[in-house]
Amino acid sequence: DKIMLSDTINNLINQQITKEFFSAYMYLDIANYFEDKGLTGFSSWFKIQAHEELDHGMKFYQYLHDNNEKIILEKIAAPNQHFDSLGDALKESLKHEEYVTSSINKIYEEATNEKDYRTLEFLNWFIKEQAEEEKSAQELITKMELTDHNNRGIYLLDRELSKRTYKPA
Ligand code: MG
């Protein structure tokens, strides 16, 4: 079969599959932290976040299959996170999304240099999605700060977050 993507693009997307599945693992770990604190709304919000990450991983995976490209599934690391506070867990999630954005931007940059229009078109969805991910992570941090770490505020925020429903990407 005709090779559609360069080795560099193939490698970057293979690595991105691992990063997206790692993101799911990381969010499950954050959900676990909130569950331990009795904050089941936060926990549910992050479990849905993990579902979305699996969808992201599957989109990259399918893109390689659709182009007859080889897929190499790498090891997914343990998240091994420690959080000092509720706000700290939220900040880690924003930091992680910023890292994922920069990783996707690198693929975009390479595809631009290679004039790989097919990959650029595919990545456009992710460019928009990352803007959304960073925005929602930032909103959570802001809302948590607005509670001033007051129990009643955190309780109400937990109730609000419990209303999020999963929609496949
Ligand atoms: Mg993602």
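On a predicted model such as this, the values are computed, not experimentally measured, just so you know.

J.: Requested: an account of the side chain of threonine 147, with residues and values cited.
T.: Mapped onto the secondary structure, threonine 147 falls in the loop between α4 (117–146) and α5 (151–161). A residue is classified by how much of its surface remains accessible, and threonine 147, at 11% relative accessible area, is buried. Reaching out from threonine 147, the side chain makes a polar contact with the backbone oxygen of methionine 144 at a distance of 2.6 Å. Ignoring sequence-local partners within four residues, the contact set of threonine 147 consists of Gly153, Ile154 and Leu157.

J.: Provide a residue-level description of the packing of aromatic side chains, including the pertinent values.
T.: Scanning all chains against the criterion turns up eleven aromatic pairs. When the ring of tryptophan 45 is compared with that of phenylalanine 46, the centres are 5.0 Å apart and the planes differ by 70°; the resulting orientation is edge-to-face. Ring geometry for phenylalanine 60 against phenylalanine 122: centres 5.5 Å apart, planes inclined by 80°, an arrangement best described as edge-to-face. Residue phenylalanine 60 is located in helix α2 (residues 40–66), and its partner phenylalanine 122 is located in helix α4; the two are separated by 62 residues in the primary sequence. Residue phenylalanine 60 is classed as buried on the basis of its relative accessible area, which comes to 0%. One aromatic cluster is present, built from ring pairs that chain together Tyr27, Tyr33, Phe34, Phe42, Trp45, Phe46 and Phe83. The ring centre of tryptophan 125 lies 4.3 Å from the NZ or CZ of lysine 59, which sits over that ring. Sitting over the ring of tryptophan 45, arginine 164 keeps its end group 4.3 Å from the ring centre.

J.: An account of a nonpolar patch on the surface is requested, with residue identities and associated values reported.
T.: There is a patch of nonpolar side chains on the surface, built from Tyr25, Leu28 and Ile76 and spanning about 280 Å² of accessible area. For isoleucine 76, the position within the fold is in the loop between α2 and α3 (86–113). For isoleucine 76, a relative accessible area of 38% corresponds to the partly exposed category.

About the cut-offs
- Residues numbered from 1 in each chain as written.
- Predicted model: local features only at pLDDT ≥ 70, side-chain atom pairs only at ≥ 80, totals over all residues.
- Heavy atoms only, no water.
- Helix = DSSP H or I, 4+ residues; strand = E, 2+ residues; numbered from the N terminus.
- Buried < 20%, exposed > 50% of the residue type's maximum accessible area, 1.4 Å probe, protein only.
- Polar contact = N/O pair within 3.5 Å; in protein donor to acceptor, adjacent residues only side chain to side chain.
- Contact = heavy atoms within 4.5 Å.
- Phe/Tyr/Trp six-rings, centres within 6.5 Å; stacked < 30°, edge-to-face > 60°.
- Lys NZ or Arg CZ within 6 Å of the ring centre and 35° of its normal.
- Patch = residues over 30% accessible without salt bridge, like charges linked within 9 Å, V, L, I, M, F, W, Y side chains within 5 Å.
- Areas by Shrake-Rupley, 256 points an atom, 1.4 Å probe, with all protein chains shown as cover.
- Salt bridge = Lys/Arg side-chain N within 4 Å of Asp/Glu carboxyl O.

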